[in-house]
Amino acid sequence: MKESEVSILLVEGDAAHADSICRSLAGSKGRYRVETAVSLEEFREKIPALVPDLIIFDLNVSDGNAFDVLSGILQARRVPVLVMTASDDDAMADMLSKAGALDYIVKTRQSFLAMPRIVNRALREWRLFQEHKRIEDELQRSEARYRSVVEDQSEMICRYCADGKLSLVNEAYARYYGKSREELINRNFVPYIPEPDLSAVNAHLAGITRENPMVAFEHRIINPDGGVCWQQWTHRGIYAQDG
């Protein structure tokens, strides 16, 4: 197979429509290799032996429809699917999108002639979607690793936003203050810090900048039972690219 060749599986029960699509794609100097099927049964027979870059599926064929494909055999295979319909129907388009179709095409003479451009756009969108999915999966894995490290620490760890609301606390933090995570996350939880320690803490935090993002200091807190305890904290500011 040529490096630039695109393999397409076309499932279309109307012979005239299939011929129009194939002739349109054939005019692209051999870039597209098209395998055709006229029914859901034939599609199921052929798909195990094929690795198509794109599937173009008529919404309704003689023995089934595109939903049978989207909810069945293709769930385990990462292949973009374009669905062809006889009419422009927003509700149907929404249903197809939720079922997993990349896009849908209204069958007209103009769309058949524009099939090379439609295919190129679909493949470009699919590559972007796959890259976004890869990045999202990697972020989820990184977040899981990060949370695992945080939870394994015996020291108290928390993360809070610019408005002071907590966005993350580890088990050691919640346990020390006798709170559940639900009681802490998205709340401005501040333990009772007596003066002059409180003023010193606020001054340290106000001094955090992009150039000097980290400060470390000690201060007293008053526990619920009235006892005084010393804590040592390290605070690091995390900045977005725009500041």
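For the structure itself, consult the block above.
In this text the structure is predicted, and so the values were computed from the model without any measurement.

Asker: Please explain the overall build of the protein as it appears in this structure.
Answerer: The helix and strand tally for the protein stands at 9 helices and 11 strands. Here the protein has a C-alpha radius of gyration of 29 Å; the compact-globule value for 243 residues is 18 Å, and the former is much larger. Counting only C-alpha atoms and orienting by the principal axes, one finds that the protein spans roughly 85 × 35 × 35 Å. In the protein, which comprises 243 residues, the share counted as buried stands at 33%. A fraction of 50% describes how many contacts in the protein between residues 6 or more apart in sequence connect residues 24 or more apart. Summing over all exposed atoms, the protein offers an accessible surface of approximately 15200 Å²; the carbon and sulfur share of this is 51%. Of note, the protein has its 30 positive side-chain charges centred 4 Å away from the centre of its 37 negative side-chain charges.

Asker: Honestly, the nonpolar core in this entry has me stumped. Any pointers?
Answerer: Among soluble globular proteins, nonpolar side chains are generally buried collectively. Counting 21 residues, the largest nonpolar core has Leu 9, Val 11, Phe 43, Ile 55, Phe 57, Val 83 and Leu 96 as its most contacted members. Secondary-structure elements contributing two or more residues to this core are β1 (6-11), α2 (40-46), β3 (54-58), α3 (66-70), β6 (81-85) and α4 (90-99). In terms of residues, this core owes the most to one element, α3, which gives 3 residues. Core analysis: the second largest hydrophobic core is formed by 19 residues, Ile 21, Leu 25, Leu 82 and Val 119 among them.

Asker: Sorry if this is basic, but what is going on with the sheet that holds strand β7 (residues 103-106) here?
Answerer: Hydrogen bonds along the backbone pair up the strands of a sheet, which may run parallel or antiparallel. Taken in spatial order, the 5 strands make up an open sheet running β2-β1-β3-β6-β7, and their pairing is parallel. The sheet terminates laterally at β2 (32-37) and β7, the two strands that pair on one side only. Averaged over all pairs of adjacent strands, the angle between their axes in this sheet comes to 20°, without regard to strand direction. As paired strands, β1 and β2 are joined by 6 bridges and run parallel to one another. Bridge pairing in β2 links Leu 9 to Glu 35.

Definitions and limits used
Residues numbered from 1 in each chain as written. Predicted model: local features only at pLDDT ≥ 70, side-chain atom pairs only at ≥ 80, totals over all residues. Heavy atoms only, no water. Helix = DSSP H or I, 4+ residues; strand = E, 2+ residues; numbered from the N terminus. Rg over C-alpha atoms; globule rule 2.2 N^0.38 Å. Buried < 20%, exposed > 50% of the residue type's maximum accessible area, 1.4 Å probe, protein only. Contact = heavy atoms within 4.5 Å. Areas by Shrake-Rupley, 256 points an atom, 1.4 Å probe, with all protein chains shown as cover. Lys, Arg positive; Asp, Glu negative; His and termini not counted. Charge placed at Lys NZ, Arg CZ, Asp CG, Glu CD. Core = buried A, V, L, I, M, F, W, Y, C linked by side-chain atoms within 4.5 Å. Pairing = 2+ DSSP bridges. Axes fitted to C-alpha atoms, helices over the stretch in contact; angles between N-to-C directions.

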